[in-house]
Amino acid sequence: MAPRVDALFFFLIALSLFFGLLIAFLIVYFAVKYRRRPGYERGVSIDASIALEIFWTAVPFGITMVLFFWGASIFLDQTQPPVGAIDIAVVGRQWMWKLQHPEGQREIDELHVPVGRPVKLTMTSEDVIHSFFVPEFRMKMDVVPGRYTTAWFEATKEGEYPIRCSQYCGAQHSGMLGRVIAMTPADYQQWLGGGATGVSAAQAGQNLFQRLGCATCHKSEGGSQGPSLAGLFGKTVKLQDGKSAVADEGYIRESILDPQAKIVAGFQPVMPTFKGLVSEEGILQLIAYIKSLSQQERTAAK
Amino acid sequence: MNGAPQVHYLNVDYGIRSWLFTTDHKRIAWLYLLSVTLFFFFGGFFATLIRLELMTPQGDLVQAETYNKFFTMHGVTMVFFFLIPSIPAVLGNFLVPMMVGARDLAFPRLNLASWYIFILGGLFTLASAAAGGVDTGWTFYTPYSSIYSNSHVALTVVGVFVTGFSSILTGLNFVVTIHKMRAPGLTWFRLPLFIWAIYATSIIFILGTPVIAITLLLVGLERVFNLGFFDPARGGDPVLFQHLFWFYSHPAVYIMVLPAMGVESELVTAFARRRVFGYSFVAFSSLAIAVIGFLVWGHHMFVAGQSVHAGLIFSLLSFLVAIPSAIKVFNWTATLHRGSISYDAPMLYALGFIGLFTIGGLTGLFLASIGVDVHVHDTYFVIAHFHYIMVGGSVMAYLGGIHFWWPKMTGRTYPEPVARVAALIVFLGFNLTFFPQFVLGYLGMPRRYHAYPPEFQALNVMSSAGASILAVGYVLPLIYLIWSLRYGRVAGRNPWGARGLEWQTPSPPPTHNFDVTPRVVAEAYAYDKEPEETYEFGSPSRA
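On a plain count of helices and strands, chain A comes out with 6 helices and 12 strands. The C-alpha radius of gyration computed for chain A amounts to 27 Å, which surpasses the reference 19 Å derived for 302 residues by more than 25%, pointing to a less compact arrangement than a globule. A principal-axis box enclosing the C-alpha atoms of chain A has dimensions of 100 × 50 × 45 Å. Per-residue burial over chain A gives 34% buried out of 302 residues. Here the analysis covers contacts within chain A between residues at least 6 apart in sequence; of these, 66% occur between residues at least 24 apart.

Here it is, written out as C-alpha cells:
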C-alpha cells in the first residue's frame, strides 16, 4: 500500500510545484513589469474575460476529479482487508496497545507478524479514542470505545516498524508507542510456537462461553431459549421488528452488552446484559469462538 | 481638505466611560482591536512555550500534562478569541458602515453588547487558564473531554459557548446593515468585495455558531451532571460529537479565511490601482465557499470510523470547495496584470497572502485525497496545512488590512520602511516555522506530541528557530503602530489614492462618518475614473 500512497503523494507534490511556481512567477513578473513609476500612476482596468474564467474553473475541476478517483481507489483497497488475512484483535487503553493473535498469543505494545501476509486488525478501546498509526505502512485508523474499527496492512520487508498513537488521548499520548516486528514466515511460526499458551483465541472464547453460561441457552442444535450460534457469523439475521442485521463483530458485541437492542425473530428478550462481566478482550475472544463455529460448519459441509 | 478635521470620532469625547459605553462602530472596532491583540499575544505566549518544548525530543522542559495544556490554550485562544473575531469584529466593525455609506451599523447597542459578551466569554477562558488550564485540545474530543480529563473543561466550554453569541449577534448586525443601509445607488454589484466576503461570513456566523454552542453545552452537561450523550458505556456515541463539532468548526475555517479574502481583494486593487479582475466571480466564489463549506465536515473524520461511502462523498465535496478558492487566487493574480503596482507594506502582506494561501490550498488537496489523508491525518502535515491557511492566510491579511486602514482609523501613517521589513520578516519566519512541519507529518510525527523520536529533532529545531523570527515580525508592528499614534505623519483622507467609499471621508472620520449621504453612481474600484465620478456628495445629510 505504501508505494501506491506515495505515488499519489508525489504526484500531488509535482502538481503543487507546478501551480505554486506558476502563481509565484506571475506575481513576481507582474509586480516588476507593472511597477508604479512616474507617468504610470494608474493601472488599466480590464473586466473579466468569461473564457478565461471558465478555463480556470474547468481546469481545477478536472484535476480535482482525477485526484478524487485516484485517492478513492487507494482508499477502497485500504478499507478492504484481503481474504485470508491474519485476524489480530487490538484493544487500546491509556496508554498501551493490547494485541491478541488467533493462535492465542498475547502481546503488549508489540505485534509480531510474518512478511508477505496481510494482517487485519479489529480494534476497540477501553477508554478514550486512540488511533493506530504505522507510518511505514501508510496506515492509520481510530480506535473508538464502544465499537469496532478495522484496518489492515502487509509487511513486505523484515524489520521493526513503529506504532504511534495519532489521536490525542491524554497525558502520555506521545508515550503510547509500540512496534510491528515483521519476520520471515518460518521465524513467525517459530515465534508462535515459543512461549505459547497452547490455547487459541477461539478456544479461550469457548472457555469463556462455558464459564459465563452462554451455552445454557445458545445450544448448537437450536430449539432452546436462545438462537443457535453455529454458522451465524457473517449471515443476515431476521429481527423481531421486521428489520434485519448482518451478524458481524459489532452485532455480536452489541448482543452481548445490550441484548435488548436487536432481538432475533422468534425469540423472547430474556437475555441479561454481560456488561461489566466480560472485558473487551473477552468479547473479542467470544467473537473468535463464534467465528470458528462458522468455519467448522464450512469445513463440515465440504 | 487633507488636514485632520477638528472634531472626529476619536476626540469627540474623552474618558473611559465614553469608550466603554460607546455605540459608535468605529470605537467598538477599537475595543475589539485592543482585546483581540491581547488574546493574540496570550495565545502566542503558549505557542512560544510549545516551540521551546519541541526543541528537544525528550519532553524535558515541562511535564506532559503541562504541555497538553499549552497547546490547548494556544488553540482555544487563537481560534475562538483571535482568528474568528479578528477581521470581522475589528475591520468589519470599522469598515462595513463606511463602505456602505451608513452612519453606523443597524443595531449599534447590540454591537456594543456583542463586545461585552465576547469579553465575558474571554474571561471564562482566562479564568480556566488561571485555575490550572484545560488539556483536551481545542477540539474537545469526547469521551476524553467529557469523562476522562481532570482539567477545567466545563469552564472553558462555557467561555466558548458564551463567545458564540457575540459571533451570532455580530453576524446579524452585518447582514441587516448590508441589506438595509446601503447608500443610494450602491447596488449589490457595486459593493466592495470585502462586503461580499463579510456577508458570506455572517451567514456562517448565524447558521453555524448555534451548533457549536449546543455541542459544547452537551459536553459541559455530560461532565457536570454526569449525562451520557457521548459515553458508549451508556448508549452514547463519541463520534457523534465529532460530527457536531466539525459541522461548525469546518465552516469556522471559512469564518477565518473569507474575511481575509475580502481584505485581499481591497488591497490588491488599491495597490495595483485597477479594477479587480472578474468581480462577480470573486463575489460569488465567497458565497460558494460559505455554502459548500457546510458540506465537507466529514473530511476531519476520514479515519474516525465513519462509513467508507461517507468518506468518499466527503472527499468529493472537499475537492469541490477548493475550486472557488482557486478562482479567487487566479483573479487576484490577473488583477496585477497591467496594474500600477506599488510595494507598500499592505501590498507586501497581500502578495505574501497569495503565496501562503496558495500553499495552504494546494496542501489541502493532499488532505482531500482520501487515500493520502489516511497517512497524514492527525500528523504535523495537518498542522502545517491549517497554519498556512489560518496564519499565512488570515493573519497576513489581517496585518495587511490593519496597515492599510491604519491612516483611516488613526489619522496617522505608520513608518513605511520598518513596516516593509516587518512584513518580510513575518513571511520568512512563517515559512521557516511551518514548512518543515509538512515534512515532519509525512515522516509520521503525530500532532499533540510532547516528546518525539530523536530523528525528528532537526526539523523541529528549524521550526522553533523560524518561530523566534516570526515572533519578531509580530512584535515590530505592535511597537511602531503604537509609536505612530503620536509621531506618525498626518495621513489625510486618502493617502493611498484608493477608490473605496471609506477613503472619501476625513481621517479620522467624524462620528457620523459622512457629512452628507453619498450617492454611488459607478461600480467599485473605478480606478479609471476620479473619485468624484463614482461618488456624489450632493444632498444634505439626513443625519
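Before going further, it helps to spend a moment on the overall build of chain B. Each helix and strand in chain B was counted, giving 15 helices and 2 strands. Taking 24 Å as the expected radius of gyration for a compact globule of 543 residues, we find that chain B reaches 23 Å, a close match to that expectation. In terms of principal-axis extent, the alpha carbons of chain B reach across some 70 × 45 × 45 Å. Put simply, 84% of the contacts in chain B that link residues at least 6 apart link residues at least 24 apart.

With that out of the way, let us pick up the interface of chain B and chain A. In this assembly, 70 residues from chain B lie in contact with 67 residues from chain A. Among the elements of the structure, helix H3 (64–100), helix H5 (144–148), helix H8 (238–272), helix H9 (279–292), helix H10 (308–336), helix H11 (345–368) and helix H12 (370–376) of chain B are those that each provide at least two residues to the side of chain B that touches chain A. When residues of the side of chain B that touches chain A are assigned to their parent elements, the largest contribution, 14 residues, is made by H10 of chain B. Grouping the constituent residues of the side of chain B that touches chain A by class yields 41 nonpolar, 21 polar and 8 charged.

Our next topic: unusual backbone geometry. Of note, the bond from Gln-94 of chain A into Trp-95 of chain A is cis; its omega dihedral lies within 30 degrees of zero at -10°. Examined against the element boundaries, Trp-95 of chain A turns out to sit in the loop between strand E1 (86–93) and strand E2 (96–100). With phi around 60°, Arg-448 of chain B is a residue other than glycine that occupies positive phi space. Mapped onto the elements, Arg-448 of chain B comes out in the loop between helix H14 (416–443) and helix H15 (457–487).

Okay, the nonpolar core next. The tendency in soluble globular proteins is for nonpolar side chains to be buried as a group. Ranked by size, the top nonpolar core spans 249 residues in total, and within it Val-90 and Phe-132 of chain A together with Val-157, Ile-195, Leu-258, Tyr-349 and Phe-353 of chain B carry the most contacts. Each residue touching Phe-353 of chain B, except ones within four places of it in the same chain, is listed here: Ala-260, Glu-264, Gly-393, Met-396, Ala-397 and Gly-400 of chain B.

So, on to the pairing of E2 of chain A. Residue and element names in this part refer to chain A. Strand direction decides the pairing type here: E1 and E2, joined by 5 bridges, are antiparallel. Bridge pairing links Ala-89 to Gln-100 in E2. As consecutive antiparallel partners, E1 and E2 are separated by 2 residues.

Attention now goes to the packing of helix H6 (residues 153–180) of chain B against helix H7 (residues 193–225) of chain B. All names here are of chain B. One can describe the packing of H6 onto H7 by two numbers: an axis separation of 8 Å at closest approach and a directional angle of 155°. As the angle between them shows, H6 and H7 are arranged roughly antiparallel. Along this stretch, H6 crosses H7, giving a crossing that reads as left-handed.

Attention now goes to the sheet that holds E1 of chain A. Residues and elements named next belong to chain A. Reading across the sheet, the 5 strands line up as E3-E2-E1-E5-E8 and stay open at both edges, with mixed pairing between neighbours. Edge positions in the sheet fall to strand E3 (106–108) and strand E8 (149–153), since each of these pairs with one other strand and no more. On average, each strand axis in the sheet is inclined to that of its neighbour by 25°, with strand direction left out of account. Two strands pair when backbone bridges link them, and E1 and strand E5 (residues 119–125) are joined in this way by 7 bridges, in the parallel orientation. When the bridges of E5 are listed, Val-90 appears paired with Met-123.

With 98% of its residues at a pLDDT of 70 or more, chain B shows a mean pLDDT of 94. Scoring of the predicted complex yields 0.93 for pTM and 0.92 for ipTM.

All names here are of chain B. The N-to-C vectors of H10 and H11 enclose an angle of 160°; their axes lie 10 Å apart at closest approach. Judged on the interaxial angle alone, H11 and H10 are roughly antiparallel. Crossing hand, H10 versus H11: left-handed. On H11, the residues that touch Ser-315, Ser-318, Phe-319, Ala-322, Ser-325, Ala-326, Val-329, Trp-332 and Thr-333 of H10 are Ile-354, Phe-357, Thr-358, Gly-361, Gly-364, Leu-365 and Ala-368. Of the residues contributing to the contact of H10 with H11, the split by class is 9 nonpolar, 7 polar and no charged.

Once the domains are mapped, chain A shows domain 1 (2–37 + 48–78), domain 2 (86–193) and domain 3 (201–301). Placing the centre of domain 1 of chain A and that of domain 2 of chain A at their C-alpha centroids yields a distance of 36 Å.

Turning to the environment of Thr-511 of chain B, a few remarks are in order. Considering the arrangement of structural elements, one finds Thr-511 of chain B in the loop between H15 and strand E1 (519–520). When sequence neighbours within four positions are dropped, the list of residues in contact with Thr-511 of chain B reads Tyr-9, Val-12 and Asp-24 of chain B.

The next thing to look at is the sheet that holds strand E7 (residues 139–143) of chain A. Residues and elements named next belong to chain A. Read across the open sheet, the 5 strands follow the order E4-E10-E9-E6-E7; overall the sheet is mixed. This sheet does not close on itself; its edge strands, each paired only once, are strand E4 (110–114) and E7. The average undirected angle you get between the axes of adjacent strands in this sheet is 20°. For strand E6 (residues 130–134) and strand E9 (residues 159–165), the ladder comprises 2 bridges, and the chain directions are antiparallel. Paired with Phe-132 across the bridge in E9 is Cys-165. Of the strands in this sheet, E4 and strand E10 (177–183) touch helix H3 (residues 185–193), which is tilted by about 130° from E4.

Residues and elements named next belong to chain A. Taking burial as the measure, the 7 residues of E5 include 6 buried ones, the bulk of the element. Pairing between E5 and E8: 5 bridges, direction antiparallel. Considered in E8, the bridge of Val-119 is made with Phe-153.

The terminal C-alpha atoms of helix H2 (residues 50–78) of chain A, which comprises 29 residues, lie 42 Å apart, in line with the 42 Å expected from a rise of 1.5 Å per residue. What H2 of chain A keeps buried is the set Trp-56, Pro-60, Thr-64, Leu-67, Phe-68, Gly-71, Ile-74, Phe-75 and Gln-78 of chain A. On its buried face, H2 of chain A is in contact with helix H1 (2–33) and E7 of chain A together with H10, H11 and H12 of chain B.

Rules used throughout
Residues numbered from 1 in each chain as written. Chains lettered and ligands numbered in written order. Predicted model: local features only at pLDDT ≥ 70, side-chain atom pairs only at ≥ 80, totals over all residues. Helix = DSSP H or I, 4+ residues; strand = E, 2+ residues; numbered from the N terminus. Rg over C-alpha atoms; globule rule 2.2 N^0.38 Å. Buried ≥ 20, exposed ≤ 12 C-beta atoms within 10 Å, placed from the backbone. Contact = placed C-beta atoms within 7 Å. Nonpolar A, V, L, I, M, F, W, Y, C, P; charged D, E, K, R; others polar. Core = buried A, V, L, I, M, F, W, Y, C linked by C-beta atoms within 7 Å. Pairing = 2+ DSSP bridges. Axes fitted to C-alpha atoms, helices over the stretch in contact; angles between N-to-C directions. Parallel < 35°, antiparallel > 145°, perpendicular 65-115°, else oblique. Left-handed = near helix turned anticlockwise from the far one by under 90°. pLDDT = per-residue confidence, 0-100. Domains from an automatic or database assignment. Expected span 1.5 Å × (residues − 1).

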